[in-house]
Amino acid sequence: ETGVTQTPRHLVMGMTNKKSLKCEQHLGHNAMYWYKQSAKKPLELMFVYNFKEQTENNSVPSRFSPECPNSSHLFLHLHTLQPEDSALYLCASSQATRQEYNEQFFGPGTRLTVL
Amino acid sequence: KQEVTQIPAALSVPEGENLVLNCSFTDSAIYNLQWFRQDPGKGLTSLLLIQSSQREQTSGRLNASLDKSSGRSTLYIAASQPGDSATYLCAVKAAGNKLTFGGGTRVLVKP
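Presented here is a report on the structure given in the accompanying data block. (Residues numbered from 1 in each chain as written. Chains lettered and ligands numbered in written order. Predicted model: local features only at pLDDT ≥ 70, side-chain atom pairs only at ≥ 80, totals over all residues. Heavy atoms only, no water.)

**Digging into the interface of chain B and chain A**
For interface size, the figure often reported is the accessible area lost on association. Under the convention used in this document: Here a residue-residue contact requires only that any non-hydrogen atoms of the pair lie within 4.5 Å. Buried area: the sum, over both parts, of the accessible surface (1.4 Å probe) that disappears when the two are put together. Just to be clear on terms, a salt bridge is a Lys or Arg side-chain nitrogen sitting within 4 Å of an Asp or Glu carboxyl oxygen. Two N or O atoms form a polar contact when they lie within 3.5 Å of each other; inside protein one atom must be a possible hydrogen donor and the other a possible acceptor, and for residues adjacent in sequence the pair counts only when both atoms belong to side chains. Put simply, DSSP marks the helices as runs of H or I at least four residues long and the strands as runs of E at least two long, and each gets a number from the N terminus on.
Listed by partner, the interface residues are 22 residues for chain B and 22 residues for chain A. Summed over both sides, the interface of chain B with chain A buries roughly 1800 Å², with 52% coming from carbon and sulfur. The tally of links from chain B across to chain A stands at zero salt bridges. The tally of links from chain B across to chain A stands at four residue pairs in polar contact (both at pLDDT 80 or more). Looking at the side of chain B that touches chain A, the elements with two or more residues in it are strand S4 (30–38), strand S5 (44–51), strand S9 (86–94) and strand S10 (99–101) of chain B.

Structure below.
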């Protein structure tokens, strides 16, 4: 088990549901990330938070809404998703991204299925 | 726009053989390159990180090289074992502090 945890590990939701993914890091890092891994596509960065402030939004649709209340917790709020949003959602953390050489540590992911 | 390619997409070898995994990237202006391992349905485990000023990193049976000028990295796994079966991903960190990932190489080591 890594220092980055994610809950739930599996989630099945309908297109009209609202749900949230949670990520927590126990590594004392100040930067957190959401990635999406779809079948047969490379991992894609979605959002970056640096000291609780969003510094990157990689053209993600508004049906995905991130929240970072403190440096240890990161949420991804989901609403009115589409079946093509089904994927593995991975959270990562690192020291603040101003230090370009820092290594990212990943959580186990949440497997999301949208029906 | 940075693009990362991993060839081959899949590889099957008998136990004991050395593994050679390739990663290429289009923009050589990178800060570092990271190799990850991913087991089916699981998250990523960091294996090695090579800073842009370094040419290689070693950890146990793993050795990764980096040739920034030609946009290439190679991951060598010596004396492969069935437990090495997984998908191996490389990612480069460039301007904007983004990690750009390759599509991965799926490795099967047969006993």
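**Description of the state of the cysteines**
Rule in force here: For this text, the term disulfide refers to a pair of cysteine sulfurs within 2.5 Å.
Within the structure shown, the criterion is met by two disulfides over all chains. A sulfur-sulfur separation of 1.9 Å characterises the disulfide bridge that pairs Cys23(A) with Cys91(A). Measuring the twist about the S-S bond at about -70°, one finds the Cys23(A)-Cys91(A) disulfide to be left-handed. Pair noted here: Cys23(A) is in strand S3 (residues 18–25) and Cys91(A) is in strand S9 (residues 87–94), with a separation of 68 residues, a long-range link. Disulfide pairing is shown between Cys23(B) and Cys90(B); the S-S distance is 2.0 Å.

**Points about the packing of aromatic side chains**
Residues and elements named next belong to chain A. The line we're drawing: Ring pairs are drawn from Phe, Tyr and Trp, using the six-membered ring of Trp, whenever the two centres fall within 6.5 Å, and their geometry is named by plane angle: stacked under 30 degrees, edge-to-face over 60, tilted for the rest. The cut-offs for exposure are 20% and 50% of the maximum accessible area for each residue type, with area from a 1.4 Å probe on protein chains only; residues under the lower value are buried, those over the upper are exposed, and the others partly exposed.
Scanning the entire structure with this criterion turns up seven aromatic pairs over all chains. Each ring, one from Tyr 35 and one from Phe 106, has its centre 5.2 Å from the other, and the planes form 45°; the classification is tilted. On the criterion of sequence distance, the pair formed by Tyr 35 in strand S4 (residues 31–37) and Phe 106 in strand S10 (residues 105–106) is long-range, its members being 71 residues apart. We classify Tyr 35 as buried; its relative accessible area is 0%. Residue Phe 106 is classed as buried on the basis of its relative accessible area, which comes to 2%.

Keep in mind these numbers describe shape, not what the thing actually does.
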